[in-house]
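# Structural description and commentary
The lines below spell out each chain.
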Amino acid sequence: MLMKLAKTTVLVALASCTLNATDYSAQAEKDRVELVKYFEAKFADPYANKATFFPHSTDDELKNNFEKGLKHDDFSMGAYSYAKDAKKTYIPLKDFPPYELNVEDGEALYNKAFANGNTFATCFPDPAIGDKYPHYSEERGQVVTLTQAVNECLTSNGEKAWNTKKGKMADLQAYLNYATMEEDKVVNVEITSQAAADAYERGKAYYYTQKGYLNLSCAECHVQGTGQRVRNEKLSPLLGSVTHFPVYRLKWQGTGTLERRMSGCVKDQGQVPPKDTSNEMKELLFFMSYMSNGMKIDGPDIRK
């Protein structure tokens, strides 16, 4: 009888742990599913949805310059998934991408020995790690990004930390994410504790809160404003926004990290961007990455 009670107690405890673990990501998963539904509805037929989603676009543009019937994974291409005019220039660039040299340079950096004889393989034995970042470290009580992990690998081996926005950092990430893409891995952000859920919520709050002298939020451009034209470009979607980094931007004439792009975007909103390794920035990227869960990693990529 005692054995039976003990067995029952263990099973109930395990079931409780499973339910609790699921509960931690319940709100985030609800947010993600709703975001997918929103974008699929918005681009099911842009012309038919003009009154709801595109009141400032012309009939001609909605009929002739927008793709329609887009589904979840399509949005990993960013604005190129629905902007026909931009896609015409994007496809030829993909045939001979300017970031190929960055991937090669990144592979050389991965294999180059530090002064102590170790290499990045000491920290990351498998280079296909793009699906493992960002993640919430329970031990450290913080979100850890790939940029942070790379610099910590360097400093723990007696090397100097790199610029977090470009140069060697972007090159190494180009190689690591290319290796991840080659293995067909997907974005896989997990929320398995209350602390992780709280970090997600803070990142979400940053994304949706109006700030700066322009009183804008990230969401106004990349959720509600997705597909609207700013100057000569259509605004990109939150959904899939992290899958293709680092990116080679024609504006930069070089490759940059996700932190570089987010800092520039925040400045455009009239705000002072948080530091790249601050909790504020890392939690923002944690939220954004969760929104792309299940989407294929296809970085590096090219953008204007």
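All values derive from a computational prediction rather than experimental measurement. (Residues numbered from 1 in each chain as written. Predicted model: local features only at pLDDT ≥ 70, side-chain atom pairs only at ≥ 80, totals over all residues. Heavy atoms only, no water.)

## Quick look at the state of the cysteines
This is how it is decided: Disulfide: a pair of cysteine sulfur atoms within 2.5 Å of each other.
One pass over the full model with this rule turns up 1 disulfide. Free of any disulfide, C218 has its nearest cysteine sulfur in C265, 5.9 Å distant. Distance from the sulfur of C221, which forms no disulfide, to the nearest cysteine sulfur (C265) is 6.5 Å.

## A word on unusual backbone geometry
Note the threshold: Secondary structure elements are defined from DSSP: runs of H or I of at least 4 residues count as helices, runs of E of at least 2 residues count as strands, and each element is numbered from the N terminus.
The residue after F245, namely P246, is reached through a cis peptide bond having omega 0 degrees. Omega for the peptide link from G299 to P300 comes to 0 degrees, which places this bond in the cis form. Inspection of the secondary structure puts P300 in the loop between α13 (279–291) and β7 (301–303). Of note, D184 is a non-glycine position whose phi angle comes to about 55 degrees, a positive value. As for its position among the elements, D184 is in the loop between α9 (168–182) and α10 (194–208). Its identity is not glycine, yet Q253 carries a phi of approximately 55 degrees, on the positive side. Considering the arrangement of structural elements, one finds Q253 in the loop between β5 (247–249) and β6 (254–256).

## Quick notes on the pattern of salt bridges
Test applied: Salt bridges are counted wherever a side-chain nitrogen of Lys or Arg sits within 4 Å of a carboxyl oxygen of Asp or Glu.
Under the defined criterion, the tally for this structure stands at 18 salt bridges. One salt bridge connects K204 with D31, and the closest N-O pair in it is separated by 2.9 Å. Here K204, found in helix α10, pairs with D31, found in helix α2 (residues 26–42); they are 173 residues apart in sequence, far enough to count as distant. Sharing partners across several salt bridges, the network here consists of E61, D85, R229 and K234.

## Some details on α2
Since the α-helix packs 3.6 residues into each turn, any two residues three or four apart lie on the same face. Stated precisely, the cut-off is as follows: Residue count minus one, scaled by 1.5 Å, sets the expected span of a helix. When accessible area is computed with a 1.4 Å probe and restricted to protein chains, residues below 20% of their type maximum are described as buried, those above 50% as exposed, and intermediate ones as partly exposed. Starting at the helix axis, one direction is taken to each C-beta atom, and the arc is that of these directions. Residues count as neighbours in contact if any of their non-hydrogen atoms are within 4.5 Å of one another.
Between its first and last C-alpha atoms α2 spans 24 Å; for 17 residues at 1.5 Å apiece the expected length is 24 Å, and the two agree. The set of residues buried in α2 consists of A28, D31, R32, L35, V36, F39 and K42. All buried residues of α2 fall inside an arc of 140 degrees around its axis, so they share one side. Those residues of α2 that are buried lie in contact with α3 (50–53), α10, α11 (218–224) and α13.

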